[in-house]
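Architecture and fold: a report
Residue-level listing of the chains:
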Amino acid sequence: MRLLALSGFVPEAVCDVERFVHFSGDRNIAHYCGYANDYISQVITDPGIDGAVFPKSCDSSRIIGSYLDSCGKFIYQIPVPPRRDRAAVLYLAEELQRYHQSLEEYYECRLQDIPDRMERIWQRNRMIGEAYDRLESISYTDYLQAIHSCLKKPLSEQKFQVSSECNMGLKKRVFLVGSFLSNERIPAAVESVGLKIVGDDLPESGRLRNQMYPERDTVYASIAEGMLLNRLSPTQSDFERMIDRDLHEIHKSGVDAVIFITQKYCEPYDYLYYIFRKKLEAQKIPALKISVTNSEDSGKLELILDAFADTL
């Protein structure tokens, strides 16, 4: 099976998934969240993809299924509760068990290595965390590319390693906030204008490195709690808690500015930015919002970043 997953709300512990990173083909939908649009496009047009798994966590992801109903592939949508209490964990655990059963029925196979997979995920995330802790001395672009390379491979083949060193010097320090950073040209452009990325709250980095699975009565409850109690997504609507946590890390890292990256038409992140900007302005921390139209868009990125760097 080769399942294309959208969002960290798809559990890697159940079976191998290939995380959607970016799409280079023709886009099928206009005026839609560019990230979800490109995901739909790849599922439909890539003959190597035989299944799609995605959350039901925001307006864009809720209607993905309607576009994929007739593609003839395994399609599964995981409802993600906006709450994070015990009832939400139990609800999500039951949904994950149904997802597991649906996979086994559709592909006529047995998936029985969840505990081992949970350990492998923890080890990978620990290695990502160790690299994150030394962002001062490594290229952030190389760091992100290493993560994306892992997320596109089966769990048993994921070898996360970043060894390149870079001299920080007197570069201005920035913190990244936003949705999955599919376009690796963005951090490369940030670094090319003399800015140093020293932290982030991205789903595939700052959040992923903190994910762990607590011991619970069932493996499904462990996975569910690990998903819900990890660093938050704005689709869970807990904006104040997200911002307070990010501001704590921003001050701890001593950053000079924040770069906020989001997909066009992505309402949860657009709303998060509105609240985030007010908090940053009150603390006199400059912020730049970059809104991209699809998973490969970079537009006039270097010009915008160069002008922003000059203001710092």
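For the structure itself, look to the data block above.
Residues numbered from 1 in each chain as written. Predicted model: local features only at pLDDT ≥ 70, side-chain atom pairs only at ≥ 80, totals over all residues. Heavy atoms only, no water.

1. Digging into the overall build of the chain
Each helix and strand counted, the chain has eleven helices and eight strands in total. Computed over C-alpha atoms, the radius of gyration of the chain comes to 19 Å, within 12% of the 20 Å expected from 2.2 N^0.38 for 312 residues, which places it in the range of a compact globule. With respect to the principal axes defined by its C-alpha atoms, the chain has extents near 60 × 40 × 35 Å. Buried positions account for 56% of the 312 residues belonging to the chain. Looking at the chain alone, contacts between residues at least 24 apart form 71% of all its contacts between residues at least 6 apart. Carbon and sulfur atoms make up 49% of the accessible area of the chain, which totals about 13900 Å². (Helix = DSSP H or I, 4+ residues; strand = E, 2+ residues; numbered from the N terminus. Rg over C-alpha atoms; globule rule 2.2 N^0.38 Å. Buried < 20%, exposed > 50% of the residue type's maximum accessible area, 1.4 Å probe, protein only. Contact = heavy atoms within 4.5 Å. Areas by Shrake-Rupley, 256 points an atom, 1.4 Å probe, with all protein chains shown as cover.)

2. Regarding the sheet that holds strand 7 (residues 257-263)
The strand order across the open sheet formed by four strands is 6-5-7-8, and the pairing between neighbours is parallel. For this open sheet the edge positions go to strand 6 (195-200) and strand 8 (287-292), each flanked by a neighbour on one side alone. Across the sheet, the mean angle from the axis of one strand to that of its neighbour is 30 degrees, orientation sign disregarded. As defined by bridge partners, strand 5 (residues 172-178) adjoins strand 7 across five bridges and the pair is classed as parallel. (Pairing = 2+ DSSP bridges. Axes fitted to C-alpha atoms, helices over the stretch in contact; angles between N-to-C directions.)

3. A word on the nonpolar core
In this structure, Y39, I64, Y143, F160, I250, I259 and L305 are the most contacted members of the largest nonpolar core, which totals 74 residues. Looking at this core, the element that brings in the most residues is helix 6 (residues 140-151), giving seven residues. Setting aside chain neighbours within four positions, we find F160 in contact with M127, I128, A131, Y143, A146, I147 and C150. By size, the runner-up hydrophobic cluster in this structure holds 32 residues, among which are V10, I78, I121 and A224. (Core = buried A, V, L, I, M, F, W, Y, C linked by side-chain atoms within 4.5 Å.)

4. Considerations on the packing of aromatic side chains
For the coordinates displayed, the defined rule picks out 14 aromatic pairs. Measuring from centroid to centroid gives 5.4 Å for Y140 and Y143, while their planes differ by 55 degrees, and the two rings are tilted. Of this pair, Y140 and Y143 both sit in helix 6, three residues apart, which is roughly one turn of the helix. A single burial state applies to Y140 and to Y143, both of which are buried. An aromatic cluster of three or more residues is present, and its members are F20, Y35, Y39, F54 and F180. Here R209 stacks its cationic end above the ring of Y132, 3.6 Å away from the centre of that ring. (Phe/Tyr/Trp six-rings, centres within 6.5 Å; stacked < 30°, edge-to-face > 60°. Lys NZ or Arg CZ within 6 Å of the ring centre and 35° of its normal.)

5. Quick word on the packing of helix 4 (residues 86-107) against helix 8 (residues 219-228)
At a minimum axis separation of 8 Å, helix 4 and helix 8 run at an interaxial angle of 120 degrees. In this view, helix 4 runs oblique relative to helix 8, as classed from their interaxial angle. Relative to helix 8, helix 4 is oriented so that their crossing is right-handed. Of the residues in helix 8, those in contact with R86, A88, V89, L92, A93, L96, Q97 and H100 of helix 4 are Y220, A221, I223, A224, E225, M227 and L228. Taken together, the residues of the contact of helix 4 with helix 8 break down into eleven nonpolar, two polar and two charged. (Parallel < 35°, antiparallel > 145°, perpendicular 65-115°, else oblique. Left-handed = near helix turned anticlockwise from the far one by under 90°. Nonpolar A, V, L, I, M, F, W, Y, C, P; charged D, E, K, R; others polar.)

6. Comments concerning helix 1 (residues 34-45)
With twelve residues, helix 1 should cover 16 Å at 1.5 Å per step; its first-to-last C-alpha distance of 16 Å lies within 8% of that length. Most of helix 1 is tucked away: ten of the twelve residues are buried. When we look at burial in helix 1, the residues that qualify are G34, Y35, A36, N37, D38, Y39, I40, S41, Q42 and V43. Residues of helix 1 that are buried sit in contact with strand 1 (3-5), strand 2 (18-19), strand 3 (51-56), helix 2 (59-62), helix 3 (64-68) and strand 7. (Expected span 1.5 Å × (residues − 1).)

7. Some points on the layout of surface pockets
In this model, the largest pocket occupies a volume close to 790 Å³. In terms of lining, the largest pocket is formed by 42 residues, of which the most central are S7, G8, F9, R19 and P203. For the lining of the largest pocket, the secondary-structure elements that each account for two or more residues are helix 1, helix 2 and helix 10 (267-282). Empty space within the second largest pocket amounts to approximately 260 Å³. Y132, R209, E249, K252 and S253 are the residues nearest the centre of the second largest pocket, which is lined by 14 residues in total. Tallying contributions element by element places helix 9 (residues 239-253) first for the lining of the second largest pocket, with five residues. Here the residues of the lining of the second largest pocket sort into three nonpolar, two polar and nine charged. (1 Å grid on protein atoms, 1.4 Å probe; cavity = no way out; pocket = protein on both sides within 12 Å on 5 of 7 lines; lining within 4 Å. Points joined across faces, edges and corners; volume = space filled by probe spheres on them.)

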